[in-house]
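Residue strings, one per chain:
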Amino acid sequence: MPHFEPFYADKLRGSLGIVDAQAVLDLRSASREKALRSIQDLLERSRFAQSRAVAIRLAPPPEGGGETLFQPVGKALLDAKKRGWIDRLQTLPAQDGLGFYVVLAGKPETAA
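The following refers to the structure shown. Computed from a predicted model, the values in this text were never measured in an experiment. (Residues numbered from 1 in each chain as written. Predicted model: local features only at pLDDT ≥ 70, side-chain atom pairs only at ≥ 80, totals over all residues. Heavy atoms only, no water.)

With that settled, consider the packing of aromatic side chains. Under the defined criterion, the tally for this structure stands at one aromatic pair. When the centroid spacing of 4.7 Å and the interplanar angle of 20° are considered together, the rings of Phe-70 and Phe-100 count as stacked. Taken together, the residues span a long stretch of sequence, with Phe-70 in helix α3 (residues 70–82) and Phe-100 in strand β4 (residues 99–104) at a distance of 30 residues. (Phe/Tyr/Trp six-rings, centres within 6.5 Å; stacked < 30°, edge-to-face > 60°. Helix = DSSP H or I, 4+ residues; strand = E, 2+ residues; numbered from the N terminus.)

Now for the pattern of salt bridges. Throughout the structure, instances matching the rule amount to three salt bridges. Salt-bridge contacts for Arg-28 lead to Asp-26; the nearest nitrogen and oxygen are separated by 2.6 Å. (Salt bridge = Lys/Arg side-chain N within 4 Å of Asp/Glu carboxyl O.)

Moving on: the nonpolar core. If you look at the biggest cluster of nonpolar residues, it comprises 18 residues, and the most contacted ones within it are Ile-56, Val-73 and Leu-77. Mapped by element, the contributors of at least two residues to this core are α2 (32–46), β2 (52–57), α3 and β4. With residues up to four places along the chain from it excluded, the contact list for Leu-77 reads Ile-39, Ile-56, Ile-86, Leu-89, Phe-100 and Val-102. Membership of the second largest hydrophobic core comes to seven residues, among which are Leu-16, Ala-21, Ala-53 and Tyr-101. (Core = buried A, V, L, I, M, F, W, Y, C linked by side-chain atoms within 4.5 Å. Buried < 20%, exposed > 50% of the residue type's maximum accessible area, 1.4 Å probe, protein only. Contact = heavy atoms within 4.5 Å.)

Here is the structure:
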């Protein structure tokens with residue numbers, strides 16, 4: 001069987017979710033301010049650590065509709081991806097609920 005690059009192998013396996021993550025950040029009961037501070041803290045700390053996969057869980061919309069943290073958290077994560085702090089950003093699969101699967105870039109390796 002030929003070898004696939006990890007990106008294409010993941011496509012064959014399906015969406016990555018909570019069981020694939022090394023850590024879970026549960027923001028389902030967090031306020032908007034607390035959630036954004038938690039995301040910022042996660043991103044800042046990740047810049048000095050090894051790369052890792054994190055599942056970020058968010059609460060579903062309230063009964064009858066309403067705001068969720070999906071947009072503000074997604075915007076913060078997208079900004080971090082543009083800065084190079086995130087290698088991979090995708091939504092969680094439907095069975096895992098609302099949220100994101102993120103692979104943090106971690107500390108850049110220095111050439112020896």
